Amino acid sequence: MAASKRLWGNRKERKEWARRLQSEDPGLEVVHPHAAGIDVGNSAHYAAVRPDRDVAPVRRFECFTADLYRLADWLRSCGVKTVAMQSTGVYWIPLYEILEERGFEVYLVNARHTKNLPGRKSDVQESQWLLKLHTYGLLSNSFQPSAEIRMLRTYWRQRGTHVAGASICIQRMQKALTQMNVQLANVISDISGLTGQAIIRAIIAGERDPHKLAALCHPRIQASQDQIASSLEGNWRPELLFILEQEVEMYDTYQRRVAECDERLQKHLASFADTLSQRATTDKPKRKKAAKNAPHFDLSSELQRVTGVDLTRIDGIDVMVSQTILSEVGLDMSRWKTEAHFASWLGLCPDNRISGDKVLGKGTRRVVNRAATALRQAANTLIRSRSYLGAQYRRLRTKLGAPKAITAMAHRLARLVYRMLKYGQTYVDKGTEYYEERLRQQQIQLLRKRAAKLGLHVMETKA
């Protein structure tokens with residue numbers, strides 16, 4: 001033992017010896033010999049290739065379309081097959097599409113993975129650094145769906161923007177009515193419904209009689225006409241009526257834009273291949289109440305035809321969540337090795353920060369992902385669900401609290417979605433009773449183990 005210590009020296013000497021070996025032979029192997037690095041900017045891109053490929057291995061290209069094609073031609077002449085580029089804003093999108101069209105293997109790198117490394121003070125050095133890292137396979141590629149999924153995602157996100165704009169118009173209508181002391185929102189649940197819109201448009205047309213306005217209400221409104229008439233007595237200020245009229249016109253404009261997006265969505269979904277015959281199912285679809293802002297065509301049938309499965313059979317997931325997942329994730333689940341990798345990409349996995357076998361912090365990674373947000377919203381709706389997932393969510397909510405329970409159930413939903421899309425499995429709900437009985441058996445087994453450790457024997461008695 002003493003001879004071994006004299007041979008290797010003390011701890012400081014051993015560290016110095018290991019550092020010297022690592023500097024002389026870092027053990028890096030060339031993974032991408034035909035690589036290039038591109039630093040993406042607003043007005044110009046800097047591209048770097050290996051010094052043996054060109055006399056000027058680093059070149060600057062403008063962001064005009066002709067220059068981007070010239071950049072692709074230069075990379076092709078240098079024998080480049082794979083390119084690493086940073087995802088800076090939206091400036092990378094035109095270059096990415098051109099390089100992908102030319103047949104290059106494009107690695108879209110997250111700038112956070114390289115920005116904290118020291119020693120690079122210019123765009124030229126940044127492109128060379130990307131080339132070096134990519135040559136040795138040290139950069140991970142960001143997920144990018146196929147071109148048809150990206151087109152679907154663009155339509156769906158634009159539609160979501162218009163829906164959000166329409167909701168802002170509704171809020172401004174309600175604010176104008178409240179300032180005029182027209183308490184319509186206190187007697188009906190939603191002023192964007194049939195009754196609310198009929199009354200508001202009659203007010204804009206010049207009607208001021210509260211009883212005539214109350215007569216426009218739908219028969220299913222629970223409030224009486226006298227209550228509605230009392231809420232419609234206000235001070236009709238001209239400037240607020242002007243605002244109300246403008247917001248109604250803006251709301252109608254947003255609704256027309258949403259209808260145009262629905263038309264494009266329906267047309268684009270029709271171009272997808274039919275996979276329903278490959279994963280045919282004889283189970284009847286589970287009926288769910290249509291979402292308020294759902295498209296005006298049969299989106300559920302289209303999604304089932306495209307994916308081959310019915311994601312809305314999962315409790316908490318409606319057609320809107322299904323469309324969001326499809327537009328953000330796509331159909332190819334082979335991009336993730338396992339369902340755990342998929343949940344990690346969504347940012348729904350624990351991210352414990354450990355140093356020296358000590359947990360410094362717990363939580364999940366901060367990931368901006370629309371699919372993860374949609375799954376969290378779906379998980380939050382399980383609070384009143386009389387299903388297996390609903391019972392599991394209520395138990396986790398009691399044990400962990402609402403935020404952690406929502407994340408845990410969103411993780412559970414993500415795994416179910418992965419299995420259905422990848423393997424074509426059909427989700428079958430086992431019910432609340434099955435979950436409660438299973439939990440009871442688990443608790444009995446736990447009590448038996450604890451009793452055995454204490455040297456006790458548990459005797460079961462029939463009730």
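Above this note sits the structure.
The rules behind each value
Residues numbered from 1 in each chain as written. Predicted model: local features only at pLDDT ≥ 70, side-chain atom pairs only at ≥ 80, totals over all residues. Heavy atoms only, no water. Phe/Tyr/Trp six-rings, centres within 6.5 Å; stacked < 30°, edge-to-face > 60°. Helix = DSSP H or I, 4+ residues; strand = E, 2+ residues; numbered from the N terminus. Buried < 20%, exposed > 50% of the residue type's maximum accessible area, 1.4 Å probe, protein only. Salt bridge = Lys/Arg side-chain N within 4 Å of Asp/Glu carboxyl O. Axes fitted to C-alpha atoms, helices over the stretch in contact; angles between N-to-C directions. Parallel < 35°, antiparallel > 145°, perpendicular 65-115°, else oblique. Left-handed = near helix turned anticlockwise from the far one by under 90°. Contact = heavy atoms within 4.5 Å. Nonpolar A, V, L, I, M, F, W, Y, C, P; charged D, E, K, R; others polar. Core = buried A, V, L, I, M, F, W, Y, C linked by side-chain atoms within 4.5 Å.

J.: Is there a simple way to think about the packing of aromatic side chains in this case?
T.: How two aromatic rings sit relative to each other is set out by the distance from centre to centre and by the angle between their planes. In the structure shown here, the tally under the stated rule is ten aromatic pairs. Arranged with centres 5.8 Å apart and planes meeting at 45°, the rings of Phe-61 and Trp-74 form a pair that is tilted. One end of the pair, Phe-61, is in strand E3 (residues 58-62); the other, Trp-74, is in helix H3 (residues 65-77), with 13 residues separating them in the sequence. The pair formed by Phe-61 and Trp-74 is uniform in burial state, with each residue classed as buried.

J.: Could you clarify how one ought to interpret the pattern of salt bridges in this entry?
T.: Between side chains of opposite charge, a pair can form as their charged atoms come close. Tallied over the entire structure, the rule returns 17 salt bridges. Asp-52 is the salt-bridge partner of Arg-53, the closest N and O atoms lying 3.9 Å from each other. A salt bridge links Arg-60 to Glu-62, with the nearest nitrogen and oxygen atoms 2.5 Å apart.

J.: In this structure, what is going on with the packing of helix H12 (residues 319-329) against helix H14 (residues 370-380)? I would like to understand it.
T.: If you want to describe how two helices pack, look at the angle between their axes and the distance between the axes. Taken N-terminus to C-terminus, the directions of H12 and H14 make an angle of 160°; their axes are 9 Å apart at the nearest point. By the criterion of interaxial angle, the relationship of H12 to H14 is roughly antiparallel. For the pair H12 and H14, the crossing hand works out as left-handed. Residue-level contacts link Val-321, Thr-324, Ile-325, Glu-328 and Val-329 of H12 to Arg-370, Ala-371, Ala-374, Leu-375 and Ala-378 of H14. For the contact of H12 with H14, a count of residues per class yields seven nonpolar, one polar and two charged.

J.: So what exactly am I meant to see when it comes to the nonpolar core here?
T.: In this structure, Ile-314, Ile-317, Leu-346, Leu-375, Leu-389 and Leu-413 are the most contacted members of the largest nonpolar core, which totals 39 residues. If you list the elements that add at least two residues to this core, you get H12, H14, helix H15 (388-400), helix H16 (402-423) and helix H17 (431-453). When residues in this core are grouped by element, the largest group, eleven residues, is from H16. Apart from residues no more than four positions distant in its own chain, Leu-375 is found in contact with Ile-317, Ile-325, Leu-346, Leu-348, Ala-410, Leu-413 and Ala-414. Judged by nonpolar contacts, the second largest core, of 26 residues, contains Ala-166, Val-182, Ile-199 and Leu-241.

These results come straight from atomic positions and should not be treated as a statement about function.
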